[in-house]
Amino acid sequence: MVTATIIGVSGFGNTHYNDLLRHVERGSLRLLAATVINQDEEVEKCVRLRSLGVELFTDYQAMLDQYRGQIDLCFIPTSLHLHAPMAIAAMRAGANAFIEKPAAATIQDIRAMQACERETGHFVAVGYQTMYAWETLWMKQAIIEQQIGTVQAIKCYALWPRLDSYYARNGWAGHLKVNDTWVLDSPFSNAVAHQLNMICFLAGTELTRSASLQSVEAELYRAHDIESPDTACLRVTTIGGIPLYFLVTHCSETLFGPEIIVRGDRGSIRWTTDHVWIERADGTREDMPCETGVALRDSIMAHLFKRVEDPGAFICDLSIAGTHTLCVNGAHESSPVHTLDASLITRYPEDGSIKTVVRDIDKIIARSFKEEKLFSEIAIPWAHSGKVASLTDYSFFPSSSASSK
């Protein structure tokens, strides 16, 4: 039976809490301990955990010290800037770690965790949910087998409006830093990070590896009163020359996506959050539902349990998740965050908060997606082109002053 601990049960930690309890009830997992710093706010969960014989802590290091050498998996659904130090502490206590996405804000934090993996022999898995869904490896296999011919481009766009309340929900949302620690919050590093990670993975030449990246060109913008971007377009180029386009905003009028299209020279694959379609070079077509909901969460757990027993079992590891972090760092090296002029912005009340909309952004992103161009390349008057940021041998963020502007 797999043994586990968890650090945090609030926010998205509630999802991990429910995952763990399902498996406790099924008899496939023993939950040893939980760190809950806000026990007065999570009384019901604490009562439930104690009834299952779970020991509660308010300090995660004390929990790891108490159960050193007894933990198979330590679940870490905490704030981004805590992933690396907590995962490293867990590994040094003899546990494997499951951290939420994104794995880290900076590539140096990824490298620190990887160094600890080598030092301890333990692994870090990352909670990019779609990486554990059946359809992701199915799409990747189809691409490698050239069922859609040679890949010409992979692209994704999402119109995901977010209210002011979204940025007020915690202490790091909308920030580039928390105190002196990078968080680099943005739609492409948080809300739609899954899909940026996916397109990098689908571009890889090996079934279970992401693409090696050559460069990033980005344009970063903000309309909300925040530090970080809420609207962005990226062109990521792989070492093999495949362009990856990623277009996203939290300032749209409508809600759409995310949608991914893999464009081959003799076919294509289209993915949304609930369906995947393939049009093959041989003329055949297929439409299948994606893995979602509890079934997807159970698939994540199944992959983790298998990896505990088998070092060769597939997980979203730090090599895959680190490619996403590399994109994020490169985007901030490529472009400062440009504040959009007030004349382009409309704000109005919605659902007890304030909605922010950038004029025509829905149409702009749809056009950029269709034409596979950045905003500045389709002559948007307010757009600012970014520089080409090289990712070859990139090892430390920031390597320039661009990210601090």
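Quick notes on the rules
Residues numbered from 1 in each chain as written. Predicted model: local features only at pLDDT ≥ 70, side-chain atom pairs only at ≥ 80, totals over all residues. Heavy atoms only, no water. Buried < 20%, exposed > 50% of the residue type's maximum accessible area, 1.4 Å probe, protein only. Helix = DSSP H or I, 4+ residues; strand = E, 2+ residues; numbered from the N terminus. Pairing = 2+ DSSP bridges. Contact = heavy atoms within 4.5 Å. Axes fitted to C-alpha atoms, helices over the stretch in contact; angles between N-to-C directions. UniProt positions renumbered as here; feature names shortened; annotations may be inferred. Expected span 1.5 Å × (residues − 1). Salt bridge = Lys/Arg side-chain N within 4 Å of Asp/Glu carboxyl O. 1 Å grid on protein atoms, 1.4 Å probe; cavity = no way out; pocket = protein on both sides within 12 Å on 5 of 7 lines; lining within 4 Å. Points joined across faces, edges and corners; volume = space filled by probe spheres on them. Nonpolar A, V, L, I, M, F, W, Y, C, P; charged D, E, K, R; others polar. Polar contact = N/O pair within 3.5 Å; in protein donor to acceptor, adjacent residues only side chain to side chain.

**Here we look at the pairing of strand β15 (residues 275–279)**
Then, number 1: Burial along β15 is one-sided: the residues V276 and I278 are buried and none of H275, W277 and E279 is.
Then, number 2: Here strand β14 (residues 267–271) hands over to β15 after 3 residues, the two strands then running antiparallel side by side.
Then, number 3: Alignment of β15 against strand β16 (residues 285–289), held across 5 bridges, turns out to be antiparallel. Residue pairing in the sheet places I278 in a bridge with E286 of β16.
Then, number 4: Once β15 ends, the chain turns through 5 residues before running back antiparallel as β16, passing G283 with a positive phi of about 95 degrees.

**Notes on the side chain of S186**
Then, number 1: If you trace the backbone, S186 turns up in the loop between β9 (181–182) and α8 (193–202).
Then, number 2: Given a relative accessible area of 3%, S186 falls into the buried group.
Then, number 3: Contacts of S186, omitting those with residues within four sequence positions, involve A191 and P229.

**A word on the sheet that holds strand β5 (residues 96–99)**
By way of backbone hydrogen bonds, the strands of a sheet pair with one another, either parallel or antiparallel.
Then, number 1: With parallel pairing, 6 strands are arranged side by side in an open sheet as β3-β2-β1-β4-β5-β6. Single-partner strands in this sheet number two, and they are β3 (55–57) and β6 (124–126). When the angles between neighbouring strand axes are averaged without regard to direction, this sheet yields 25 degrees.
Then, number 2: Across 3 bridges, the pairing between β5 and β6 is parallel. Across the sheet, residue A97 finds its bridge partner in β6, namely V124.
Then, number 3: Running over the sheet, helix α4 (residues 83–92) touches β1 (2–7), β4 (73–76), β5 and β6 and is turned about 165 degrees from β4.

**Here we look at the environment of K370**
Then, number 1: Checked against the element boundaries, K370 lands in helix α11 (residues 361–371).
Then, number 2: As for K370 and G352, which are separated by 18 residues in sequence, their C-alpha atoms are 35 Å apart.

**Here's the deal with the UniProt feature "domain: Gfo/Idh/MocA-like oxidoreductase N-terminal" (unreviewed entry) in the protein chain**
Then, number 1: According to UniProt, the positions carrying the feature "domain: Gfo/Idh/MocA-like oxidoreductase N-terminal" (unreviewed entry) are residues 5–128.
Then, number 2: Counted over residues 5–128, helix gives 44% and strand 19%. Its end C-alpha atoms are 20 Å apart.

**Description of helix α9 (residues 293–309)**
Then, number 1: Spanning 17 residues, α9 covers 25 Å between terminal C-alpha atoms, matching the ideal 24 Å at 1.5 Å per step.
Then, number 2: Within α9, the full set of buried residues consists of L296, R297, D298, S299, I300, M301, L304, F305 and R307.
Then, number 3: Lining the buried residues of α9 we find β1, α1 (13–26), β2 (29–35), β4, β5 and β6.

**Quick word on the pattern of salt bridges**
Where side chains of opposite charge bring their charged atoms close, a pairing between them can arise.
Then, number 1: According to the stated counting rule, one finds 18 salt bridges in the structure shown.
Then, number 2: Close ionic contact of E42 with K45 constitutes a salt bridge, the shortest N to O distance being 3.6 Å.
Then, number 3: The class of K45 is buried, set by a relative accessible area of 13%.

**Concerning empty space enclosed by the protein**
Then, number 1: Taken as a whole and judged by the stated rule, the model has 1 cavity of 30 Å³ or more.
Then, number 2: A volume near 40 Å³ is recorded for the largest cavity.
Then, number 3: Lining the largest cavity are L80, P102, A104, A105, V183, L184, S189, H324, T325 and V328.
Then, number 4: Classifying every residue of the lining of the largest cavity gives 7 nonpolar, 3 polar and no charged.

**Quick word on the environment of S10**
Then, number 1: One can find S10 in the loop between β1 and α1.
Then, number 2: Its relative accessible area of 27% is what places S10 among the partly exposed residues.
Then, number 3: Along the sequence, S10 and I37 sit 27 residues apart, while their C-alpha atoms lie 9.7 Å from each other.
Then, number 4: Engagement of the side chain of S10 in a polar contact is seen with the side chain of N38, the distance being 3.0 Å.

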